[in-house]
Amino acid sequence: MKIGLFDSGIGGTTILKTAKQAFPHEEYFYIADSKNCPYGEKSDLELQKIVSKNVDELQNWGAEIIIIACNTATTRCISYLRNKYPKIQFIGTEPAIKLATESNSQNILVMATPGTIDSERTKTLLKENQKPGQNIQLLPCPHLADTIEYNYNDHNFAPIIDTLKTIFSEVQTTPDTIVLGCTHYSLIKNQIQSFFQHAKLIDGNQGVIHQLGKLIKNSQKH
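We now turn to the structure provided with this report. (Residues numbered from 1 in each chain as written. Predicted model: local features only at pLDDT ≥ 70, side-chain atom pairs only at ≥ 80, totals over all residues. Heavy atoms only, no water.)

1. Considerations on the packing of aromatic side chains
Our working rule: Each Phe, Tyr or Trp ring (for Trp, its six-membered ring) is paired with any other whose centre lies within 6.5 Å, and the angle between the two planes then decides the class: stacked below 30 degrees, edge-to-face above 60, tilted in between. Secondary structure elements follow DSSP: runs of H or I of four or more residues count as helices, runs of E of two or more count as strands, with numbering from the N terminus.
Using the criterion set out here, one finds five aromatic pairs in the structure. Geometrically, the ring pair formed by Phe29 and Trp61 is tilted, given 5.8 Å between the ring centres and 40 degrees between the ring planes. Of the two residues, Phe29 sits in strand E2 (residues 27–32) while Trp61 sits in the loop between helix H2 (44–60) and strand E3 (65–68), which places them 32 residues apart along the sequence. In textbook terms, an aromatic cluster arises when at least three aromatic residues are bridged by ring pairs, as seen for Phe168, Phe195 and Phe196.

Written out as structure tokens, the structure reads:
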């Protein structure tokens, strides 16, 4: 089966790696759209044009399933893409708020791009899943994704740490669980953990792989 993935750069490679480990016999195509990074600070119209171009390219390569390996593009564009490309099976990546709220966490910190934080989908996830007594802080992380994008492969973590220091100065309560609501953030788990050593870090990657498994299994029946 041909599976396409796209993200605003290297963040989605964490999903690609996990997918290859889980389903090594499938064929994968990946678009690292670094020139448009970060997605989280684009308007809806800009983002729709960008993601459509990526989907067109993956479709030309024969992709039957497309993983939107980006929380921002998923929360803001997946409905648009499903309407525009009804024959393609899309799998989205969204902040693992449901997973966080199902644990015994009392103080949950959701890190994401400003675009993901402001999206209607994130508001819906909160409304549907927040339990009584749970404190959830939504933390917009401007420029963190692009700082990771431009420094991670050079192993230059100083700008990343400096950006995290600024962002984390806004944290009101020490979290016991941190939701990594951007695939780029999964690349710097160690750096994030160093600020909150006792917090559990979770991302949406396993949910994506679970859904991918269901679609692959379903395709084998036909």
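Continuing now.
2. Digging into the pairing of strand E7 (residues 177–180)
Keep this limit in mind: Note on exposure labels: buried denotes an accessible area under 20% of the residue type's maximum, exposed denotes more than 50%, and partly exposed covers the range between, all computed with a 1.4 Å probe on protein chains only. A pair of strands is labelled paired if DSSP reports no fewer than 2 bridges between them. Looking down the strands as they point away from the viewer, one classifies a crossover as right-handed if the path from the first strand across the helix to the second runs clockwise.
A two-sided burial pattern is seen for E7, the buried positions comprising Thr177 and Val179 on one face and Ile178 and Leu180 on the other. Pairing analysis gives four bridges linking strand E5 (residues 107–112) to E7, with the strands arranged parallel. Bridged to Ile108 within E7 is Thr177. In this structure, E7 lies alongside strand E8 (residues 200–202), joined through three bridges in parallel fashion. What sits directly across from Ile178, in E8, is Leu201. Handedness of the β-α-β unit built from E7, helix H9 (residues 189–195) and E8 comes out right-handed.

3. Observations concerning the packing of helix H7 (residues 144–151) against helix H8 (residues 158–168)
In plain terms, the rule: For helices, the fitted line uses only the C-alpha atoms of the stretch in contact; every axis is such a line through C-alpha atoms, and the angle between N-to-C directions lies from 0 to 180 degrees. Roughly parallel here means an angle under 35 degrees, roughly antiparallel means over 145, roughly perpendicular means 65 to 115, and every remaining angle is called oblique. What makes two residues a contact is simply this: any of their non-hydrogen atoms within 4.5 Å. Here the term charged refers only to Asp, Glu, Lys and Arg, the term nonpolar to Ala, Val, Leu, Ile, Met, Phe, Trp, Tyr, Cys and Pro, and the term polar to all other amino acids, Gly among them.
Between H7 and H8, the shortest axis-to-axis distance is 9 Å and the interhelical angle comes to 170 degrees. Between H7 and H8, the angle falls in the class roughly antiparallel. For the pair formed by H7 and H8, the contact residues are Leu144, Thr147, Ile148 and Asn151 on the first element and Pro159, Ile160, Thr163, Leu164 and Ile167 on the second. Its residues assigned to classes, the contact of H7 with H8 comprises six nonpolar, three polar and no charged.

4. Some details on the sheet that holds strand E4 (residues 89–91)
Pairing is parallel in the open sheet, where four strands are placed in the order E2-E1-E3-E4. A single partner strand is all that each edge strand has here, and the edge strands are E2 and E4. Strand-to-strand twist of the sheet, defined as the mean angle between neighbouring strand axes without regard to direction, takes the value 20 degrees. Where strand E1 (residues 2–7) lies against E2, six bridges are found, and the strand directions are parallel. When the sheet's bridge partners are listed, Asp7 is paired in E2 with Ala32. With respect to the sheet, helix H1 (residues 13–22) is in contact with E1, E2 and E3, its orientation differing from that of E2 by roughly 175 degrees. Relative to E4, helix H10 (residues 205–220) is tilted by about 160 degrees, and along the sheet it contacts E1, E3 and E4.

5. A word on the environment of Val110
In this structure, Val110 sits in strand E5. Judged by relative accessible area, which is 1%, Val110 ranks as buried. For the pair Val110 and Pro175, spaced 65 residues apart in the sequence, the C-alpha separation amounts to 9.5 Å. Setting aside residues no more than four positions away along its own chain, Val110 makes contact with Pro95, Ile97, Ile117, Ile136, Gln137, Leu138, Leu139 and Val179.

6. What about the nonpolar core?
What counts is decided by this rule: For the purposes of this section, nonpolar cores are sets of buried Ala, Val, Leu, Ile, Met, Phe, Trp, Tyr and Cys residues that join through side-chain atoms within 4.5 Å.
Membership of the largest hydrophobic core comes to 23 residues, with the highest contact counts inside it found for Met111, Leu144, Phe168, Ile178, Tyr185 and Ile192. When residues of this core are traced back to their parent elements, those giving at least two are E5, H7, H8 and E7. Ranked by the residues each element gives to this core, the list is headed by H8, at four residues. With residues near it in sequence (within four places) discarded, Leu144 still touches Met111, Thr163, Leu164, Ile167, Tyr185 and Ile188. One finds Leu58, Ala63, Cys77 and Leu81 within the second-largest nonpolar core, a separate group that totals 20 residues.

7. What to know about the sheet that holds E8
Strand order in this open sheet of four strands is E6-E5-E7-E8, and the pairing throughout is parallel. What marks the edges here is a single partner per strand, and that holds for strand E6 (135–140) and E8. Going across the sheet, the axis of each strand differs from the next one's by a mean of 20 degrees, ignoring polarity.

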